[in-house]
Amino acid sequence: MTGEHSPFLCNRLQEFGGASVFAEMSALAVRTGAINLGQGFPDTNGPPAVAEAAIEAIRGDFNQYPPGIGYPVLRRAVADHQKRFWGLEFDPDTEVLITAGATEAITAAILALCGPGDEVVTFEPYFDIYPADISMAGAERRLVQLRPPAYTFDPDELAAAFGPRTRVLVLNSPHNPTGKVFSVAELDTIARLCVEHDVIAITDEVYEHLVFDQNVHVPLAGRPQMADRTVTISSGGKTLSFTGWKIGWVCARGELVRAVQAAKQLLTYVSGGPFQPAVAVGLGLDDGFYTGLAADLQARRDLLCAGLSAAGFEPAVPQGTYYITADIRPLGASDGLEFCRALPEMCGVVAVPVQVLCDDKELGAPFVRFAACKRPEVLTEAVERLATLANR
Ligand code: PMP
């Protein structure tokens, strides 16, 4: 967020007030006719079989309030998916909760598990809802830096962030905005600290299937002693390329799921009736769909990374996700917010500044984030426009 003052907003949310920079940049894209590589959503539909399943469900019997924990067909599909891809076992009747996207799952988990006086450890740059959710809960954030270009963290800094008031750690892997996929060694460092300090981990894994090269996604819940203290969250948005459907889920041991549901039922109660069985169809698609999804996005990543390098940026090649962060200093710039506000006029492309996703503005200032999840012809056009920067 840009943190502008908003006269009606309560103190707790003041620092998150004003227009989000994503909205500002998207409006700028519309006004200038620029290609919007700011917001992370695909510009094509997901699998036709999944869309057909939603249409069928609307014609059929899925149009009233779903059960509070979600339709059984989707809970079963989520449990099967966790077993099939990650070897994790969850009981679909007691250990899976369907939510209004990962967004609601994360918000409900944080509201359910921490409150005033508690501390939450997470990393920066961050996905912007984490600090806002922590503030809504009345808790405090303790941030650990992921340092460019490799976006590694210092284990001693992480250890120092834990204290007697730490209740929760929030992990996002694969990570937005850096594209980092946390390694097993890093996950085990995190796990050891969670066990040592008796902390619950909330993991946001919405990019679990968008992982490139030799990298692999490893869920924290599968690491030693973490099964009973991890709330695993994901959604169908990115995996199935239907980001507007907002069907997400929580997988955790029964007591944790019940706690998250207690908060979730006060937020939306239930949502997305006919999209739930459709997402179940998507989660059952064959392995070829999933490998094709990652390979396709990897090719787009390569196209955009090459174009960014040619234009004079220094991109950090991401291990996963939709995003590429790029250093603007080789272009003679150092303030990403200023740069992103000028970029549409300069060359007709929109990006987002990483500093709005950091408390430490210096950490993010020289980096901007581009989304690679657009059609190849759109990326090619964007790359041609960006190339004009090198001639300025
Ligand atoms: N977590 C991360 C890291 C994200 O990038 C996003 C979407 N940009 C979400 C959660 C939100 O997921 P959903 O649309 O399922 O609410």
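Here is a short report on the structure shown in this document. In this text, all values refer to a predicted model and were calculated from it rather than measured experimentally. Just so you know, the residues in each chain are numbered from 1, in the order the chain's sequence is written. Reporting of local features is limited, given that this is a predicted model, to residues whose pLDDT is at least 70; pairs of side-chain atoms are given and counted only at 80 or more, and all residues count toward the totals for whole chains, interfaces and linings. Note that the side-chain values use all heavy atoms of the structure and ignore hydrogens as well as water.

Here the focus is the site of the ligand. A cutoff of 4 Å decides nearness: a residue is near a molecule or strand if any of its heavy atoms lies inside that distance of it. Around the ligand, a shell composed of 13 residues is seen, among which Thr103, Asp204, Tyr207, Lys238 and Lys246 lie nearest. Whenever two N or O atoms come within 3.5 Å, that pair is a polar contact, provided that in protein one can donate a hydrogen and the other can accept it, and provided that, for residues adjacent in sequence, both atoms are side-chain atoms. Asp204 places a side-chain nitrogen or oxygen 2.5 Å from a nitrogen atom of the ligand. Within the contact set of the ligand, a nitrogen atom lies 3.0 Å away from a side-chain nitrogen or oxygen of Lys238. In short, Shrake-Rupley with a 1.4 Å probe defines the accessible areas, and a residue's cover is counted only from the protein chains shown. Protein chains shield 92% of the accessible area of the ligand, which is 400 Å² for the free molecule. At three residues, the largest contribution of residues to the shell around the ligand is made by helix 4 (residues 101-113). Taken together, the residues of the shell around the ligand break down into five nonpolar, five polar and three charged. Note on conventions: DSSP H or I runs of at least 4 residues are helices, E runs of at least 2 residues are strands, and numbering of each starts at the N terminus. Charged residues are taken to be Asp, Glu, Lys and Arg, nonpolar residues to be Ala, Val, Leu, Ile, Met, Phe, Trp, Tyr, Cys and Pro, and polar residues to be all remaining types, Gly included.

On to the sheet that holds strand 9 (residues 314-316). Picture the strands of a sheet paired through backbone hydrogen bonds; they go either parallel or antiparallel. Pairing between strands is defined by DSSP: at least two bridges between them are needed. Strands sit in the order 9-10-13-12 across an open sheet of four strands; the sheet is antiparallel. If you trace the sheet from one side to the other, it starts and ends with strand 9 and strand 12 (352-353), each paired once. Where strand 12 lies against strand 13 (residues 367-371), two bridges are found, and the strand directions are antiparallel. Considered in strand 13, the bridge of Val352 is made with Arg369. Note on definitions: a residue-residue contact is assigned when non-hydrogen atoms from the two residues lie within 4.5 Å. Comment: axis = line fitted to C-alpha atoms, over the contacting stretch for helices; angle = value between 0 and 180 degrees taken between N-to-C directions. This element, helix 12 (residues 336-347), spans strand 12 and strand 13 of the sheet and lies at about 45 degrees to strand 13.

A few words on helix 12. The end-to-end C-alpha separation of helix 12 is 15 Å, in line with the 16 Å expected for twelve residues at 1.5 Å each. Looking only at helix 12, the buried set comprises Gly336, Leu337, Phe339, Cys340, Leu343, Pro344 and Cys347. On an axial view of helix 12, the arc spanned by its buried residues comes to 160 degrees, and they lie on one face. Facing away from the buried side of helix 12, by more than 90 degrees, are the exposed residues Glu338 and Glu345. Where helix 12 begins, the side chain of Asp335 points an oxygen toward the backbone nitrogen of Leu337, at a separation of 2.9 Å. Phi for Gly348, located one or two positions after helix 12, is positive at around 75 degrees. Helices are assigned an expected span. That span is 1.5 Å times one less than the residue count. Residue exposure (1.4 Å probe, protein chains only): buried if accessible area is under 20% of the type maximum, exposed if over 50%, otherwise partly exposed. Each direction from the helix axis to a C-beta atom contributes to the arc, which is the arc of those directions.

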